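Single-letter residue listing:
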Amino acid sequence: MKDERSYLRSTFDTVAPLYDQVRPGYPEAMYDDVVSLSGITTQARILEIGCGTGQATVPFARRGYRMLCIELGENLAAIAKHKLAVYPQVEVHRGAFEDWEVEKNAFDLVISATAFHWVNPAIAYSKIVQALSPGGAIALFWNIHVHSDKSLGFFEAVQKLYRQLAPELVKDDKPLPRENEVPIKTSEIEQTGLVSKVMYRSYKWDASYDSATYIKLLNTYSDHLNLNSTTRARFFNAISDLIDTKFNGRITKGYLTTLYVAHKLV
């Protein structure tokens, strides 16, 4: 399992330009809440774990924060460096967070955007607390696929193709969760005993995709990339055909951005 996890974690780097092109960002209101809930000042220094190509980095960089961003993937890090070159206060370090030598008490905020679940929690929380200054905060956030009334039954229809053509990707046959059915991670974070009570916020939004863009998005998911090439091609062609013939060439996907903010225990 550990080897498989390490492999899947590295797959994003093989499609770095596509990842940068089609992976969704996060609502602007979420960034505002990270700033207000964490209590950071304009002079704050931020550590980002798993910056990818910088989707969540740029909004903080625009606000003028000093940042150190750690990214495992060589290609992802290269794109992030190029994108962030106009922000001299931002540094991108290529490597695994687990191997990074901690700068103790050096950061006012640690963030991780749809990446923290790939990091070994036994190592991650301890290193984060060491890196945070007294009173510093951690902000973890994810985009989660949820039900949208605007999807018009596409995700129920496409599930049949998963069962027929890629059953190894079917974890269960439950319908997509609604906004109020998404599991909340507050207790998981608080149980580390290293941070204060966790503040939780969520943001529901929709994204629209044509068939070509949706297939590009699927090509950035680690489990889909892990399919053999023949299965993947047949499966993706069937999904594209479904979108074009049954849904007029465009579908809507519902997202819920979940945000968790907590402060280091002094």
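Residues numbered from 1 in each chain as written. Predicted model: local features only at pLDDT ≥ 70, side-chain atom pairs only at ≥ 80, totals over all residues. Heavy atoms only, no water.

Visitor: Can you help me understand the overall build of the chain in this one?
Guide: Check the secondary structure of the chain and you find 11 helices and 7 strands. At 19 Å, the chain has a C-alpha radius of gyration in line with the 18 Å of a compact globule built from 266 residues. Taking all 266 residues of the chain together, 52% fall into the buried category. Taking the contacts inside the chain whose residues are at least 6 apart along the sequence as the reference set, 79% of them involve residues at least 24 apart. As displayed, the chain offers around 12900 Å² of accessible surface, 51% of which is attributable to carbon and sulfur atoms. Within the chain, one finds 30 positive and 30 negative side-chain charges whose respective centroids are separated by 1 Å. (Helix = DSSP H or I, 4+ residues; strand = E, 2+ residues; numbered from the N terminus. Rg over C-alpha atoms; globule rule 2.2 N^0.38 Å. Buried < 20%, exposed > 50% of the residue type's maximum accessible area, 1.4 Å probe, protein only. Contact = heavy atoms within 4.5 Å. Areas by Shrake-Rupley, 256 points an atom, 1.4 Å probe, with all protein chains shown as cover. Lys, Arg positive; Asp, Glu negative; His and termini not counted. Charge placed at Lys NZ, Arg CZ, Asp CG, Glu CD.)

Visitor: What am I meant to see in the environment of Glu48 here?
Guide: Turning to its location among the elements, Glu48 is positioned in strand 1 (residues 45-49). Accessibility expressed as a relative area gives 1% for Glu48, which makes it buried. Sequence-wise, Glu48 and Leu109 are 61 residues apart; in three dimensions their C-alpha atoms are separated by 8.5 Å. Discounting residues that sit within four places of it in the chain, Glu48 has contacts with Ala56, Thr57, Met67, Leu68, Cys69, Ile70, Ile111 and Ala113.

Visitor: Sorry, what's going on with the sheet that holds strand 2 (residues 66-71) here?
Guide: The strands making up a sheet associate through hydrogen bonds between their backbones, and the pairing can be parallel or antiparallel. Read across the sheet, 7 strands follow the order 3-2-1-4-5-7-6 without closing on themselves; strand pairing throughout is mixed. The outermost strands of the open sheet, each flanked by one partner alone, are strand 3 (90-94) and strand 6 (199-210). Strand-to-strand twist across the sheet, computed as the mean angle between neighbouring axes with direction ignored, equals 20°. Packing of helix 3 (residues 28-38) onto the sheet brings it into contact with strand 4 (107-113), strand 5 (132-146), strand 6 and strand 7 (250-263), and relative to strand 7 it is tilted by some 5°. (Pairing = 2+ DSSP bridges. Axes fitted to C-alpha atoms, helices over the stretch in contact; angles between N-to-C directions.)

Visitor: Honestly, the pairing of strand 3 in this entry has me stumped. Any pointers?
Guide: Sheet topology places strand 2 next to strand 3; 5 bridges connect them, and they run parallel. Among the inter-strand pairings, Ile70 is bridged to a residue of strand 3, identified as His93. After leaving strand 2, the chain enters helix 5 (residues 74-83) and then returns to the sheet as strand 3, a path that is right-handed. (Right-handed = clockwise from strand over helix to strand, strands pointing away.)

Visitor: Looking at this model, I keep getting lost on the nonpolar core. Mind explaining?
Guide: Phe60, Phe141 and Leu259 are the most contacted members of the largest nonpolar core, which has 32 residues in total. Listed by contribution, the elements that provide at least two residues to this core are helix 3, helix 4 (57-62), strand 2, helix 5, strand 3, strand 4, strand 5 and strand 7. With 5 residues, helix 3 is the largest single contributor of residues to this core. Setting aside residues no more than four positions away along its own chain, Leu259 makes contact with Met30, Asp33, Val34, Leu37, Ala139, Leu140, Phe141, Met199, Tyr200, Arg201 and Tyr203. Residues Ala166, Leu227, Phe236 and Leu242 belong to the second largest nonpolar core, which totals 27 residues. (Core = buried A, V, L, I, M, F, W, Y, C linked by side-chain atoms within 4.5 Å.)

Visitor: Quick question: what am I supposed to make of the packing of aromatic side chains here?
Guide: The geometry of an aromatic ring pair comes down to the distance between the two centres and the angle between the two planes. As enumerated under the stated definition, the model contains 18 aromatic pairs in all. Geometrically, the ring pair formed by Phe12 and Trp118 is edge-to-face, given 5.7 Å between the ring centres and 75° between the ring planes. Remark: Trp118 occurs in the loop between strand 4 and helix 6 (121-131) and Phe12 occurs in the loop between helix 1 (2-11) and helix 2 (16-22); sequence separation between them is 106 residues. Residue Trp118 is classed as buried on the basis of its relative accessible area of 16%. Ring centres of Tyr31 and Phe60 lie 5.3 Å apart, and the angle between their planes is 80°; on these two criteria the pair is classed as edge-to-face. With Tyr31 in helix 3 and Phe60 in helix 4, this pair connects stretches of sequence that are 29 residues apart. Overall, the relative accessible area of 2% leaves Tyr31 in the buried class. By the ring-pair criterion, three or more aromatic residues cluster together here, those being Phe154, Phe155, Tyr209, Tyr214 and Phe247. In this structure, Lys127 is placed above the aromatic ring of Phe97, and the distance from its NZ or CZ to the ring centre is 5.3 Å. It is Lys185 that lies over the ring of Trp142; its NZ or CZ is 4.9 Å from the centre. (Phe/Tyr/Trp six-rings, centres within 6.5 Å; stacked < 30°, edge-to-face > 60°. Lys NZ or Arg CZ within 6 Å of the ring centre and 35° of its normal.)

Visitor: Would you take a moment to explain the pairing of strand 4 for this structure?
Guide: For a regular strand, the rule is simple: side chains alternate between the two faces of the sheet. For strand 4, the buried fraction is high: 6 of the 7 residues fall into the buried class. As paired strands, strand 1 and strand 4 are joined by 3 bridges and run parallel to one another. Among the inter-strand pairings, Ile46 is bridged to a residue of strand 4, identified as Leu109. Bridge count between strand 4 and strand 5: 6 bridges; the pairing is parallel. Across the sheet, the residue bridging to Val110 is Ile138, located in strand 5.

Everything listed here is a matter of coordinates, which is why it stays silent on function.
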